[in-house]
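Here are the chains, one letter per residue:
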Amino acid sequence: MHPQTILGSLFVLAASVLTIALLVRRRRIRALEKVGVRTTGIVTHVDRRSDDAGGYSVLVEFITEDGSKFSAMSGFSSFVPTEGQEVEVVYDPRDPLLAEVEPGNRAHQLSGFFVATFFVVLGIVLLVIEPLS
C-alpha cells in the first residue's frame, strides 16, 4: 500500500474518532442541560495539556444551590479563561460532580468540528489524488 493512501486513511480515521467523541460530548451536555442547574464558577487553575491535542485543562470551583462547594475540570481549545475569571457551570443537582464548564461555548464546540472537517477533506484529497510516483 502506498504511503499516501495510508496517510489519507489515517486522517479520515482520526477525523471519524474526533467526530464521534464530539458527538458523545454534545449528547452528554444536552442531557445535562435538561436536568442541570446553572451557576457561576471561578477558574482556580489553568494548565496547558501535555498531550498532542494541545488545549488547556481548567479547574473551576462552584457552589451548588444547597451551599456545597464543588470543583469541575473541563478542557478548552479555542477559549482559554484565566485564573480568577467567572465562567458558567451547569451541574446535575443529584450528582454535582457531573458538571460542564461553559457548555454553551459555541466557538469551542465548532472548533472541534472544523478540525474534524479539515482532516476528512485532507484525508479524502490524499486518497483521491493519484499517489505520487
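Quick caveat, the model's predicted, so the values are computed rather than measured.

J.: Could you give an account of the side chain of Asp92, with specific residues and numbers?
T.: When you line up the elements, Asp92 lands in strand β4 (residues 86-92). With sequence-adjacent residues up to four places away left out, Asp92 is seen in contact with Leu32, Val35 and Leu98.

J.: Tell me about the packing of aromatic side chains, residues and numbers included.
T.: All told, the structure shown has 4 aromatic pairs when counted by the stated rule. Centroid distance Phe62 to Phe70: 6.2 Å. Interplanar angle 25 degrees. Geometry classified as stacked. The exposure class of Phe62 is buried, given its relative accessible area of 1%. Under the relative-accessibility criterion, Phe70 is labelled partly exposed at 22%.

J.: Just give me the short version of the pairing of β4, but keep the residues and values in it.
T.: On a regular strand, one side chain projects to one face of the sheet and the next to the other, so that they alternate. Within β4, 5 of the 7 residues are buried, which leaves it mostly tucked inside the rest of the structure. Summarising the sheet, strand β1 (residues 37-48) and β4 pair through 6 bridges and their orientation is antiparallel. Along β4, the bridge assignment pairs Thr39 with Val89. In sequence, β4 turns back onto strand β5 (residues 95-101) through a hairpin of 2 residues.

J.: Quick rundown of the pattern of salt bridges? Include the residues and the values.
T.: Under the criterion given, the structure shown has 5 salt bridges. A salt bridge links Glu33 to Arg38; its shortest N-O distance comes to 3.5 Å. Look at Arg38 and you get partly exposed, because its relative accessible area is 48%. For Arg94, the salt bridge goes to Asp92, with nearest N and O atoms at 3.1 Å.

J.: Help me get a handle on the environment of Val37, residues and values and all.
T.: Turning to its location among the elements, Val37 is positioned in strand β1. The exposure class of Val37 is buried, given its relative accessible area of 15%. A sequence separation of 54 residues divides Val37 from Tyr91, and the C-alpha atoms of the two residues are 5.5 Å apart. Apart from the residues lying within four places of it in its own chain, the contact partners of Val37 are Glu65, Val89, Val90, Tyr91 and Pro93.

Reading the values: the criteria
Counting of residues starts from 1 at the beginning of each chain's written sequence and follows it residue by residue. Under the rules for a predicted model, residues below a pLDDT of 70 receive no local features and side-chain atom pairs below 80 are neither given nor counted, while totals for whole chains, interfaces and linings still include all residues. Side-chain descriptors were evaluated using all non-hydrogen atoms of the structure, hydrogens and water having been removed beforehand. Only DSSP runs of H or I covering at least 4 residues are called helices, and only runs of E covering at least 2 are called strands; the numbering of each starts at the N terminus. Between two residues, a contact is recorded if the distance between any of their heavy atoms is within 4.5 Å. The aromatic pairing rule takes the rings of Phe, Tyr and Trp, using the six-membered ring of Trp, and pairs them if the centres are within 6.5 Å, calling planes under 30 degrees apart stacked, those over 60 edge-to-face and the rest tilted. For the exposure calls, accessible area comes from a 1.4 Å probe over protein chains only, and a residue counts as buried if that area is under 20% of its type's maximum, exposed if over 50%, partly exposed in between. What makes two strands pair is DSSP finding at least two bridges between them. What counts as a salt bridge is simple: a side-chain nitrogen of Lys or Arg found within 4 Å of a carboxyl oxygen of Asp or Glu.

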